[in-house]
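Structural description and commentary
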Amino acid sequence: KLVWSEQINTATSDFRIAEAEHILSEDPAHMALAERAMGQQKAIIERDYKMLDQKLRKPDARKMLSEFRVKWDAYLGDNQAVLALSRRNNNGAATYLMRHASKRDFDALSTIAGKLADYEADLTTNAAGEGDNVYSHARIVMLIAMLAAFVALAFILTRHSMEVADRQSEPARHAIFTVVA
């Protein structure tokens, strides 16, 4: 989940960069390359969004993902207007839109994508810490169990040794009592 949320965060920035490259280009071939790059980033975002939508269970994460979807859809609407202006080489109007309404939507989108990535990173860090704690406790329990096993083994061996010693000394005791009697 962490990787998907970070990839979404990165892909939104890469999408924005390709959008700016589209505006800077006056050549239709370069514009097509920029649109292809946007398409690739959009595919990453949609793929990872779908995975997160299936996997996220925490209410806070689900809320952020829903907010991301709303912001992403709004930004894509802005993007279509920017591209329409840019394709006509109306770069002044495209740049204005990109720096104002589109920027506000992108900033909101980017903020929520970053928060989601940070949230998932925190969950991962916390889970790793919990794993370390479980491992430490398991080690302590294992050491106590091993110590108890060694004490039990020592008790059994001592008792067995005493029984063997008693059996071996019995004939000597019998001989001493026979001579004395």
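Below or above, wherever it landed, is the structure these notes cover. (Residues numbered from 1 in each chain as written. Predicted model: local features only at pLDDT ≥ 70, side-chain atom pairs only at ≥ 80, totals over all residues. Heavy atoms only, no water.)

Our next topic: the packing of helix α3 (residues 59-87) against helix α4 (residues 91-99). Closest axis-to-axis distance for the α3/α4 pair is 7 Å, and the angle between their directions is 160°. With respect to α4, the axis of α3 lies roughly antiparallel. At the point where α3 passes α4, the crossing takes the left-handed sense. Packed against α3, whose contacting residues are Asp78, Ala81, Val82, Leu85 and Ser86, the element α4 presents Asn91, Ala93, Ala94, Leu97 and Met98 at the interface. Counted by class, the contact of α3 with α4 contains seven nonpolar, two polar and one charged residues. (Axes fitted to C-alpha atoms, helices over the stretch in contact; angles between N-to-C directions. Helix = DSSP H or I, 4+ residues; strand = E, 2+ residues; numbered from the N terminus. Parallel < 35°, antiparallel > 145°, perpendicular 65-115°, else oblique. Left-handed = near helix turned anticlockwise from the far one by under 90°. Contact = heavy atoms within 4.5 Å. Nonpolar A, V, L, I, M, F, W, Y, C, P; charged D, E, K, R; others polar.)

With that settled, the discussion passes to unusual backbone geometry. One non-glycine residue, asparagine 89, lies in positive phi territory at about 55°. Tracing the chain through its elements places asparagine 89 in the loop between α3 and α4.

Since the α-helix advances by 3.6 residues per turn, residues separated by three or four positions end up pointing in the same direction. An ideal rise of 1.5 Å per residue puts 42 Å on 29 residues; α3 measures up with 41 Å between its terminal C-alpha atoms. Looking at the residues trailing α3, positive phi occurs at asparagine 89, about 55°. (Expected span 1.5 Å × (residues − 1).)

A word on the packing of aromatic side chains. Each pair of aromatic rings is reported with the distance of its centres and the angle of its planes. Here the structure, examined in full by the defined rule, presents six aromatic pairs. When the ring of phenylalanine 15 is compared with that of tyrosine 75, the centres are 5.9 Å apart and the planes differ by 70°; the resulting orientation is edge-to-face. With phenylalanine 15 in helix α1 (residues 2-24) and tyrosine 75 in helix α3, the pair connects residues that are 60 residues apart, well separated along the chain. For the pair shown, phenylalanine 15 and tyrosine 75 are each scored as buried. One aromatic cluster is present, built from ring pairs that chain together Phe15, Tyr49, Phe68, Trp72, Tyr75 and Phe106. A cation sits over an aromatic face here: arginine 69 above tyrosine 49, 4.7 Å from the ring centre. (Phe/Tyr/Trp six-rings, centres within 6.5 Å; stacked < 30°, edge-to-face > 60°. Buried < 20%, exposed > 50% of the residue type's maximum accessible area, 1.4 Å probe, protein only. Lys NZ or Arg CZ within 6 Å of the ring centre and 35° of its normal.)

This part is about the pattern of salt bridges. The tally for this structure, following the rule as stated, stands at seven salt bridges. Put simply, lysine 103 and aspartate 107 hold a salt bridge, and the shortest N to O gap is 2.7 Å. With lysine 103 and aspartate 107 both in helix α5 (residues 101-180), this residue pair falls four residues apart, about one helical turn. Taken together, the shared-partner salt bridges connect Glu46, Arg69 and Asp73 into one network. (Salt bridge = Lys/Arg side-chain N within 4 Å of Asp/Glu carboxyl O.)

Any functional reading would require information beyond the geometric quantities listed.
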